[in-house]
Amino acid sequence: MPIQAIQQDITGIDADALVVGIYEGGILPQAAQQLDQATAGGLNALLEAAEISGKAGETSVWLSPPGIVTRHVLLVGMGSQEAFAPPVAFRAAAVAAKQLASKPRNRVAFCLDADWSPDAVESGVCGALVGCQGQDLYRVEKNLHPFADVQWLTTESSAVEQGEVVAGSVNLTRRLVNEPADVIYPETFAETAVQEASDSGFDIEVWDENRLAEERCGSLLGVARGSDRPARLLIMRHRGNDSKHPELALVGKGVTFDSGGLSLKPSDGMKAMKCDMAGGATVLGAMRAIARLKVPQHVIGVVGLVENMVSGNSYRLGDVLKARNGKTIEVLNTDAEGRLVLADALDVARDYQPAKMINLATLTGACVVALGLDVVGLMTNDQPWCDRIAETAARCGERAWQLPMFPEYAKQLQSPIADLKNIGEGRWGGAITAGKFLEEFVGDTTWTHMDIAGPAFQDKAKPEIDAGGSGVMVRTLLELARSGC
Ligand code: BES
Ligand code: MN
Ligand code: ZN
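The rules behind the values
Residues numbered from 1 in each chain as written. Chains lettered and ligands numbered in written order. Predicted model: local features only at pLDDT ≥ 70, side-chain atom pairs only at ≥ 80, totals over all residues. Heavy atoms only, no water. Salt bridge = Lys/Arg side-chain N within 4 Å of Asp/Glu carboxyl O. Helix = DSSP H or I, 4+ residues; strand = E, 2+ residues; numbered from the N terminus. Buried < 20%, exposed > 50% of the residue type's maximum accessible area, 1.4 Å probe, protein only. Near = heavy atom within 4 Å. Polar contact = N/O pair within 3.5 Å; in protein donor to acceptor, adjacent residues only side chain to side chain. Areas by Shrake-Rupley, 256 points an atom, 1.4 Å probe, with all protein chains shown as cover. 1 Å grid on protein atoms, 1.4 Å probe; cavity = no way out; pocket = protein on both sides within 12 Å on 5 of 7 lines; lining within 4 Å. Sits in = over half its atoms within 2 Å of the grid points. Nonpolar A, V, L, I, M, F, W, Y, C, P; charged D, E, K, R; others polar. Donors = N, O, S within 2.8 Å, 3.2 Å for Na, K, Ca; no water. Tetrahedral: all angles 85-135°; square planar, octahedral: opposite > 155°, others 65-115°. Pairing = 2+ DSSP bridges. Axes fitted to C-alpha atoms, helices over the stretch in contact; angles between N-to-C directions. Contact = heavy atoms within 4.5 Å. Patch = residues over 30% accessible without salt bridge, like charges linked within 9 Å, V, L, I, M, F, W, Y side chains within 5 Å. Core = buried A, V, L, I, M, F, W, Y, C linked by side-chain atoms within 4.5 Å. Parallel < 35°, antiparallel > 145°, perpendicular 65-115°, else oblique. Left-handed = near helix turned anticlockwise from the far one by under 90°. Phe/Tyr/Trp six-rings, centres within 6.5 Å; stacked < 30°, edge-to-face > 60°.

1. Regarding the pattern of salt bridges
Across all of its chains, the model carries 28 salt bridges by this definition. A salt bridge links Asp 335 to Lys 265; its shortest N-O distance comes to 2.9 Å. Of this pair, Asp 335 sits in the loop between β12 (328-330) and α11 (338-350) while Lys 265 sits in the loop between β9 (247-258) and α9 (267-270); the two residues are 70 residues apart in sequence, bridging distant segments of the chain. Classification of Asp 335 by relative accessible area gives partly exposed; the value is 23%.

2. Details of the site of ligand 1
Close contacts around ligand 1 come from 15 residues, with Lys 265, Asp 276, Asp 335, Glu 337 and Gly 365 the closest. Here an oxygen atom of ligand 1 and a side-chain polar atom of Lys 265 are 2.8 Å apart. Interatomic distance of 3.4 Å between a backbone N/O atom of Leu 363 and a nitrogen atom of ligand 1. Burial of ligand 1 by the protein amounts to 76% of the accessible area it has alone, namely 520 Å². Judged by the fraction of its atoms near the pocket grid, ligand 1 is located in the largest pocket. Along the lines of polarity and charge, the residues of the shell around ligand 1 split into four nonpolar, four polar and seven charged.

3. Some details on the coordination of the manganese ion (ligand 2)
For the manganese ion (ligand 2), every protein donor is listed as Asp 258 (OD), Asp 335 (O), Asp 335 (OD) and Glu 337 (OE), and the spread of their distances is 2.0 to 2.2 Å. Seen from the manganese ion (ligand 2), its six donor atoms lie at angles of 71 to 168°, and the figure they make is irregular. Counting gaps between the donor residues of the manganese ion (ligand 2) yields the pattern D-x76-D-x1-E. The metal-metal distance between the manganese ion (ligand 2) and the zinc ion (ligand 3) is 3.2 Å, with Asp 258 coordinating both.

4. Quick notes on the sheet that holds strand β6 (residues 149-153)
Backbone hydrogen bonds are what pair the strands of a sheet, in a parallel or an antiparallel way. The strand order across the open sheet built from six strands is β1-β6-β5-β2-β4-β3, with neighbouring strands paired in mixed fashion. Edge strands, defined here as strands with exactly one partner in the open sheet, are β1 (3-6) and β3 (59-63). On average, each strand axis in the sheet is inclined to that of its neighbour by 20°, with strand direction left out of account. Relative to β6, strand β5 (residues 107-111) is paired through four bridges, and the arrangement is parallel. Residue pairing across strands places Ala 109 opposite Gln 151, the latter belonging to β6. Strand contacts of helix α4 (residues 118-131): β1, β5 and β6, with the helix running at about 155° to β6, the strand carrying the most contacts.

5. Observations regarding the coordination of the zinc ion (ligand 3)
Distances from the zinc ion (ligand 3) to its protein donors, Lys 253 (NZ), Asp 258 (OD), Asp 276 (OD) and Glu 337 (OE), fall at 2.0 to 2.4 Å. If you look at the zinc ion (ligand 3), its six donor atoms make angles of 78 to 175° with each other, and the shape they trace is octahedral. In primary-sequence terms, the residues that donate to the zinc ion (ligand 3) follow K-x4-D-x17-D-x60-E.

6. Describing the side chain of Lys 253
Looking at the element boundaries, Lys 253 is found in strand β9. Of note is the side chain of Lys 253, whose polar atom sits 3.1 Å from the side chain of Asp 276.

7. A look at a nonpolar patch on the surface
Residues Leu 262, Leu 264, Val 310 and Leu 317 make up a contiguous nonpolar surface patch of roughly 360 Å² in combined accessible area. With respect to the helices, strands and loops of the structure, Val 310 is situated in the loop between β10 (298-308) and β11 (320-322).

8. A look at unusual backbone geometry
It is generally the case that most residues other than glycine have a negative phi and that most peptide bonds are trans. The phi torsion at Ala 50 lies on the positive side, around 60°, for a residue other than glycine. One can find Ala 50 in the loop between α2 (42-48) and β3. Non-glycine residue Gln 353 carries a positive phi angle of around 45°. Within the fold, Gln 353 resides in the loop between α11 and β13 (356-361).

9. As for the nonpolar core
Phe 110, Trp 152 and Phe 189 are the most contacted members of the largest nonpolar core, which has 89 residues in total. Those residues in contact with Phe 110 that lie beyond four places of it in its chain are Val 19, Ala 93, Ala 96, Ala 97, Ala 128, Phe 147, Val 150, Gln 151, Trp 152 and Leu 153. In this structure, Leu 220, Val 223, Val 251 and Met 357 belong to the second largest nonpolar core, which totals 47 residues.

10. Quick look at the pairing of strand β4 (residues 72-77)
Among the six residues of β4, six are classified as buried, and the element is accordingly described as predominantly covered. Along β4, one buried face is formed by His 72, Leu 74 and Val 76 and the opposite face, lined by Val 73, Leu 75 and Gly 77, is buried too. Of the strand pairs in this sheet, strand β2 (residues 17-22) and β4 are connected by five bridges, and their pairing is parallel. Looking across to β4, one finds that Gly 21 is bridged to Val 76. Bridging between β3 and β4 involves five bridges; their strand directions are antiparallel. By the bridge assignment, Val 61 is partnered in β4 with Leu 74.

11. Regarding the packing of α11 against helix α15 (residues 430-439)
To describe two helices that pack against each other, one gives the angle between their axes and the distance between the axes. At a minimum axis distance of 9 Å, the contact between α11 and α15 shows a crossing angle of 30°. The angle between the axes of α11 and α15 places the two elements in the roughly parallel class. At the point where α11 passes α15, the crossing takes the right-handed sense. Across the interface between the two elements, Arg 339, Leu 340, Leu 342, Ala 343 and Leu 346 of α11 pack against Ala 434, Phe 437 and Leu 438 of α15. For the contact of α11 with α15, a count of residues per class yields seven nonpolar, no polar and one charged.

12. A short note on the packing of aromatic side chains
Enumeration over the complete set of coordinates arrives at six aromatic pairs. When the centroid spacing of 4.9 Å and the interplanar angle of 20° are considered together, the rings of Phe 84 and Trp 116 count as stacked. Taken together, the residues Phe 84 in the loop between β4 and α3 (86-100) and Trp 116 in the loop between β5 and α4 connect sequence positions 32 residues apart. Arranged with centres 6.4 Å apart and planes meeting at 10°, the rings of Phe 406 and Tyr 409 form a pair that is stacked.

Written as structure tokens, this is what we have:
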């Protein structure tokens, strides 16, 4: 989708639709003032009549306003000007884009506020391109029609290009999550990543099932055994130009389908489990953005890819797996498979001696019970690192909240036969016992676990984004890499 920065009087813009931004309290950016003048005070009249308010996310359509070339104007509220920040730009643009994408349109021009900082422009452009993309991959008649051509009123043309890169990365993550498990399985996920690595300019290594066995990844391979689709593990590397050479490691859960295994899920709990590779897809999306934007920070991305299925070769309850770091694990629930995959993926990432590590996973339903559908759970062994992640997420407008990691929780993971068991005692605090399990595999590395089970995949559409894969945390990971570690 070509997107172009433009600078001109909006009355002359020739587009299928024009998005014009207004702030609360009747504050009009220059583009809105031009619209008001062209319509002989028509915009101010609508404000005075309280037909429009400028409240964040409020939209109204104005068809054929006099004095301008474009026949369709969508007014969008941007909230109070004092409270304005990049997440507001994202949301206003996304709400407008999603609404306009309900019909095919060749060219849409966004005239929100030409005075925005580069950060806000990047965020706004990203919102527009994420908002107009839907999950309707296999519908002949699309619900949302991504625009053929976008114009953006600003002098910050490089911020426009960067916003397009970020949106492409978020949309890549979303698409991979939305693809059915029969299309995206370990081998095809790996093929997609190899293609992305060559297009975006990062290095990639793919471990197949033989290499995984040589590397003693017994925990990950235990989960993979029940599937006809062989496991894979990705090691992606972005070489920044930072001479100090600290590594930031991003590790993703890539369970391309989670049936639960022998601890089989009921249909209702299984129907969205194509989304269980969202952590891995988020790492890939972030690597794409980090490489294309040539971030100075060195970054390594590790994704463990398996399908959790039922067969005569499935791993069983009571089986003991040996993880790559040497710890043995008694399996008491085959549906607690994500932590088994991450156990080995985290250990592989540690080979690169990262200064800081983050893992992302749709790990537990318990995290959704604790925090709801829209908030990512954070668990850490290093408070300052977790604080930085939480602050960065807030700056990006992505919701994240920390859960405690008191040592008492780890007692629940003791097994009479092995070093650990893969579930706690009963279901209480299940998000945290899962976090404590992961902690056993990070050694002394500074680490934070993100449980994205709630926000990664949404059953219902929001005004700013379609249902399905959300791409949550791609932008936060990019910002963390940009701010260095
Ligand atoms: N992939 C699921 C967690 C999940 C649930 C993701 C809902 C997205 C939405 C995970 O593998 C799982 O099954 N976890 C179990 C753990 C339990 C067996 C200890 C759960 O949450 O029930
Ligand atoms: Mn599971
Ligand atoms: Zn799972």
